[in-house]
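The residues making up each chain are set out below.
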Amino acid sequence: MIRLQKFLADAGVSSRRKCEELILQGRVQVNGKTVTEPGTKVAGSEEIKVDGKVIRSGQKKVYILLNKPTGYISSVKDQFSRKTVIDLVSGIKERIYPVGRLDYDTSGLIILTNDGEFANMLMHPRNEVEKVYVAEVQGRLSADDVKRLENGLDIGDHVTSPARVKIIGESAGRSVVEIAIHEGKNRQVRRMFEAVGHPVLRLKRTSIGGITDRGLEVGKWRHLSEAEIEMLRSEYVSFGHGKRGYKKEKQ
Ligand code: URA
């Protein structure tokens, strides 16, 4: 017997934490009965449904890289019926979902998958997956602003970890800055630039874990190659199925 949220995550429904939320939201049925207790144990032989759709264990795993335009939300469904990243990916019958989030106003790379363990691995802060953003910001950054962004600064509910920062363009009253971070707090990059007094005007994510947007137009998607999936996985040492992976010690 395994916990219902683990069955759902292993079947590729979402990350384990998200599966707990689905259960709490009353979206999961076991043998026709809605279950709202995340700890519920199942054998796997029951008929298990999410949003009325039967979930089978061990679906084919799908890994997609999407270059999201602004104006789309990073979830499977939106309570206000706005367009979602799923609307941009056609012809995939598996129930995929985005790994992490990009703001409605942010463009750039996002991974979609039905592999819950892979999603957990990429999102766990301990794994430190590097995400690179290009931000167009108001004003010109001083050397001190750059140092504060690099060293870590208070963004209200969190002090950020060290980041890499590079000014790649400056014009009258605006700067274009590349920033690489390893965390994923809500609106983190926007809040970091706000904290140094340079609000973000435009933001795009150009790389996740070394996979870049090169050759992938905005609004388009492609499958990740075996080599790319392997590259993301090989950064981690996994201690067995169902457990979290931990990043290898840096040499
Ligand atoms: N940081 C932000 O502020 N927004 C995003 O969409 C991603 C990172």
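Rules behind the numbers
Residues numbered from 1 in each chain as written. Predicted model: local features only at pLDDT ≥ 70, side-chain atom pairs only at ≥ 80, totals over all residues. Heavy atoms only, no water. Domains from an automatic or database assignment. Contact = heavy atoms within 4.5 Å. Buried area = accessible area lost by both parts, 1.4 Å probe. Salt bridge = Lys/Arg side-chain N within 4 Å of Asp/Glu carboxyl O. Polar contact = N/O pair within 3.5 Å; in protein donor to acceptor, adjacent residues only side chain to side chain. Nonpolar A, V, L, I, M, F, W, Y, C, P; charged D, E, K, R; others polar. Pairing = 2+ DSSP bridges. Helix = DSSP H or I, 4+ residues; strand = E, 2+ residues; numbered from the N terminus. Buried < 20%, exposed > 50% of the residue type's maximum accessible area, 1.4 Å probe, protein only. Near = heavy atom within 4 Å. Areas by Shrake-Rupley, 256 points an atom, 1.4 Å probe, with all protein chains shown as cover. Core = buried A, V, L, I, M, F, W, Y, C linked by side-chain atoms within 4.5 Å.

## Examining the domain arrangement of the protein
Okay, step 1: Taken as a whole, the protein is organised into domain 1 (2-54), domain 2 (63-125 + 215-238) and domain 3 (131-208).
Okay, step 2: The C-alpha centroid of domain 2 is placed 22 Å from the C-alpha centroid of domain 1.
Okay, step 3: Taken together, the contact between domain 1 and domain 2 spans twelve residues of the former and ten residues of the latter.
Okay, step 4: For the pair domain 1 and domain 2, the summed buried area comes to about 780 Å², and 41% of that belongs to carbon and sulfur atoms.
Okay, step 5: On the domain 1 side of the contact with domain 2, Gly12, Val13 and Ser15 bury the most area, a combined 41% of that side's loss.
Okay, step 6: The interface formed by domain 1 and domain 2 holds two salt bridges in total.
Okay, step 7: The salt bridge partner of Arg95 is Asp51, with a shortest N-O separation of 4.0 Å.
Okay, step 8: Scanning the region where domain 1 abuts domain 2 turns up three residue pairs in polar contact (both at pLDDT 80 or more).
Okay, step 9: Among the residues forming the side of domain 1 that touches domain 2, the class breakdown is four nonpolar, three polar and five charged.

## Details of the sheet that holds strand 5 (residues 48-50)
Okay, step 1: What the four strands build is an open sheet, ordered 3-2-5-6; its pairing is antiparallel. Looking at the sheet topology across the chains shown, the edges are occupied by strand 3 (33-34) and strand 6 (53-54).
Okay, step 2: Relative to strand 6, strand 5 is paired through two bridges, and the arrangement is antiparallel. Pairing of Lys49 across the sheet is with Val54, part of strand 6.

## Regarding the environment of Gly219
Okay, step 1: Looking at the secondary structure, you find Gly219 in the loop between strand 14 (211-212) and strand 15 (221-223).
Okay, step 2: For the pair Gly219 and Leu66, spaced 153 residues apart in the sequence, the C-alpha separation amounts to 7.2 Å.
Okay, step 3: Here Gly219 is in contact with Leu66, Asn67, Pro69 and Leu88, once residues within four sequence places are set aside.

## Examining the pattern of salt bridges
Once their charged atoms are close, side chains differing in charge can pair, the charge on each being opposite to the other.
Okay, step 1: The tally for this structure, following the rule as stated, stands at 16 salt bridges.
Okay, step 2: With a shortest N-O distance of 2.9 Å, Arg222 and Glu228 are connected by a salt bridge.
Okay, step 3: What makes Arg222 partly exposed here is its relative accessible area of 26%.
Okay, step 4: Because the salt bridges share partners, they merge into one network encompassing Arg27, Asp51, Lys77 and Arg95.

## Some details on the site of the ligand
Okay, step 1: Around the ligand, the structure places Leu102, Asp103, Thr106, Tyr133, Arg187, Gln188, Val189, Arg190 and Leu203.
Okay, step 2: Within the backbone of Arg187, a nitrogen or oxygen atom sits 3.3 Å from an oxygen atom of the ligand.
Okay, step 3: Taking Gln188, its main chain carries an N or O atom lying 3.4 Å from an oxygen atom of the ligand.
Okay, step 4: In isolation the ligand offers 240 Å² of accessible surface; the protein chains occlude 96% of this area.
Okay, step 5: At three residues, the largest contribution of residues to the shell around the ligand is made by helix 5 (residues 188-195).
Okay, step 6: When its residues are assigned to classes, the shell around the ligand shows four nonpolar, two polar and three charged.
Okay, step 7: Counting the residues that make up the shell around the ligand, at least three belong to each of domain 2 (63-125 + 215-238) and domain 3 (131-208).

## Digging into the pairing of strand 9 (residues 107-113)
Okay, step 1: With seven of seven residues buried, strand 9 lies mostly within the body of the structure.
Okay, step 2: In terms of strand pairing, strand 7 (residues 63-68) meets strand 9 through six bridges, oriented antiparallel. By the bridge assignment for strand 9, Ile64 is matched with Leu112.
Okay, step 3: Summarising the sheet, strand 8 (residues 97-98) and strand 9 pair through two bridges and their orientation is antiparallel. Residue Tyr97 lies in a different strand from strand 9, and its bridge partner there is Thr113.

## A short note on the nonpolar core
Okay, step 1: Grouped together as the largest cluster of nonpolar side chains are 30 residues, with contacts concentrated most on Leu149, Ile179, Met192 and Phe193.
Okay, step 2: Elements represented by at least two residues in this core include exactly strand 7, strand 9, strand 10 (131-138), helix 4 (143-151), strand 12 (174-181), helix 5 and strand 13 (200-208).
Okay, step 3: Split by domain, this core shows at least three residues from each of two domains, domain 2 (63-125 + 215-238) and domain 3 (131-208).
Okay, step 4: Excluding residues within four positions of it along the chain, Phe193 makes contact with Ala135, Val137, Leu141, Leu149, Val177, Ile179, His198, Pro199 and Val200.
Okay, step 5: Judged by nonpolar contacts, the second largest core, of 17 residues, contains Tyr97, Leu109, Ile111 and Leu122.

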